[in-house]
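Descriptive structure summary
Each chain is listed here by its residues.
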Amino acid sequence: QVQLVESGGGLVQSGGSLRVSCAASGFKVNDFPMSWYRQAPGKEREWVASFPSVTSRTNYADAARGRFTLSRDNTENTVNLQMNNLKPQDTARYYCQALVYGNTYWGQGTQVTVSS
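Moving on: the pattern of salt bridges. For the structure on display, the rule yields four salt bridges. Where R65 meets D62, a salt bridge forms, and the shortest distance between an N and an O atom there is 2.8 Å. Using a relative accessible area of 48% as the deciding quantity, one classes R65 as partly exposed. Judged by its relative accessible area of 68%, D62 falls in the exposed class. Salt bridges sharing partners connect three or more residues here, namely R38, E46, R67 and D90.

Below, the structure is given as structure tokens:
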């Protein structure tokens, strides 16, 4: 069965860095589209970054491009999002998404809080 578990969130000062990780089970992350989304209190969920396919380059939202880096660790079957130069507006709960044979799966999310 497909399962996604996010980790690595926490409290960081503005300008600092964090890496959130998505551990997947039931499928291989290198074989299916993977994405990160985030949702701040009182705001709608927004897309952050994706691996659209195995061969496609990574895609980033404008707010993430240049600061965030998406990667896959096929040995651990995880998808990681390295977030540098964090800003208070990056504060949100970060969710991992997988699209497996047309079905969308979500993790429970991990909280990222950036203080000024």
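So that's the structure; there's more coming.
Let us look at unusual backbone geometry. Note: most peptide bonds trans; most residues except glycine with negative phi. Even without being glycine, N77 reaches a positive phi, approximately 60°. By secondary structure assignment, the location of N77 is in the loop between β7 (68-73) and β8 (78-83). In the Ramachandran plot, N85 falls in the positive-phi region, its phi being about 50° despite a non-glycine side chain. As for its position among the elements, N85 is in the loop between β8 and β9 (92-100). A relative accessible area of 42% means that N85 is categorised as partly exposed.

On to the pairing of strand β11 (residues 110-115), then. The side-chain alternation of β11 yields one buried face, formed by T110, V112 and V114, and one unburied face, formed by Q111, T113 and S115. Pairing geometry for β9 and β11, over three bridges, is antiparallel. Each bridged residue has a counterpart across the sheet, and for Y94 the counterpart in β11 is T110.

On to the environment of A98, then. Assignment of secondary structure puts A98 in strand β9. Aside from chain neighbours lying at most four places away, what touches A98 is L4, F27, P33, M34, N103, T104 and Y105.

Calculation criteria
- Residues numbered from 1 in each chain as written.
- Predicted model: local features only at pLDDT ≥ 70, side-chain atom pairs only at ≥ 80, totals over all residues.
- Heavy atoms only, no water.
- Salt bridge = Lys/Arg side-chain N within 4 Å of Asp/Glu carboxyl O.
- Buried < 20%, exposed > 50% of the residue type's maximum accessible area, 1.4 Å probe, protein only.
- Helix = DSSP H or I, 4+ residues; strand = E, 2+ residues; numbered from the N terminus.
- Pairing = 2+ DSSP bridges.
- Contact = heavy atoms within 4.5 Å.

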